[in-house]
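# Descriptive structure summary
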Amino acid sequence: MAEETNVKTVERETTVDREEYDGVKFHTLAPGITTHPLIRSGKPCIQGTGLKVTDIVALQTFHDMKPPDIANHYEIDLAQVNDALNYYAAHIDYIDTDIKLDSLNDVQLSEAQYGTRPDSILSRRKPVP
């Protein structure tokens, strides 16, 4: 006699997100990944959240977190974490460069003296005399 097994399939919840923000439409880069020039400087984010793909990748890479742990940490679905990791796998060079630039900016800002405004960090323009 064959035993029946209860296999529970997890269906992805479809979220109804805004199609535009401030008159500018969101651009879908991949399933579950969008970008908008006014949100997180136009960097790839998980659809319906402000979480950047680099945030997910950084937790996995630098903190050795597994996808279920990342989902619990940010209180998002595992499918959303997988979307971010799939996007990363398809765009490794771009995301890795973005992470390196973020870390360089962090180092420069931490080395800058409090209350100073170094032109090389915050602005490409020279101050007007």
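Placed above this text is the structure.
Keep in mind the model is a prediction, meaning the values are calculated, not measured.

Thresholds applied
- Residues numbered from 1 in each chain as written.
- Predicted model: local features only at pLDDT ≥ 70, side-chain atom pairs only at ≥ 80, totals over all residues.
- Heavy atoms only, no water.
- Salt bridge = Lys/Arg side-chain N within 4 Å of Asp/Glu carboxyl O.
- Helix = DSSP H or I, 4+ residues; strand = E, 2+ residues; numbered from the N terminus.
- Buried < 20%, exposed > 50% of the residue type's maximum accessible area, 1.4 Å probe, protein only.
- Arc of directions from axis to C-beta.
- Contact = heavy atoms within 4.5 Å.
- 1 Å grid on protein atoms, 1.4 Å probe; cavity = no way out; pocket = protein on both sides within 12 Å on 5 of 7 lines; lining within 4 Å.
- Points joined across faces, edges and corners; volume = space filled by probe spheres on them.
- Nonpolar A, V, L, I, M, F, W, Y, C, P; charged D, E, K, R; others polar.

### Things to note about the pattern of salt bridges
Going through the model one piece at a time under the given rule, you end up with three salt bridges. Its salt-bridge partner being Asp102, residue Lys43 comes within 3.2 Å of it at the nearest N-O pair. With Lys43 in the loop between β4 (33-35) and β5 (45-46) and Asp102 in helix α4 (residues 92-111), this pair connects stretches of sequence that are 59 residues apart. Given the relative accessible area of 23%, Asp102 is considered partly exposed. Residues joined in a network through salt bridges with shared partners are Lys43, Lys52, Asp98 and Asp102.

### Here we look at helix α2 (residues 67-74)
Residues Pro67, Ile70 and Ala71 constitute the buried set of α2. Down the axis of α2, the buried side of the element spans an arc of 100 degrees, and every buried residue falls inside it. Elements that come into contact with the buried residues of α2 comprise α1 (53-63) and α3 (78-90). Of the residues one or two after α2, Glu75 is the one with positive phi, at around 55 degrees.

### Examining the environment of Lys25
Of note, Lys25 is situated in strand β2 (residues 24-25). The exposed category is assigned to Lys25, whose relative accessible area is 58%. Apart from residues no more than four positions distant in its own chain, Lys25 is found in contact with Glu19, Glu20 and His36.

### Remarks on the side chain of Thr54
Along the chain, Thr54 falls in helix α1. A relative accessible area of 7% places Thr54 in the buried class. Contacts of Thr54, omitting those with residues within four sequence positions, involve Ile95, Asp98 and Ile99.

### Observations regarding the layout of surface pockets
The computed volume of the second largest pocket comes to approximately 160 Å³. In terms of lining residues, the second largest pocket is bounded by Lys52, Thr54, Asp55, Ala58, Phe62, Ile99, Asp102, Ser103 and Asp106. Among the secondary structure elements, those contributing two or more residues to the lining of the second largest pocket are α1 and α4. Taken together, the residues of the lining of the second largest pocket break down into three nonpolar, two polar and four charged.

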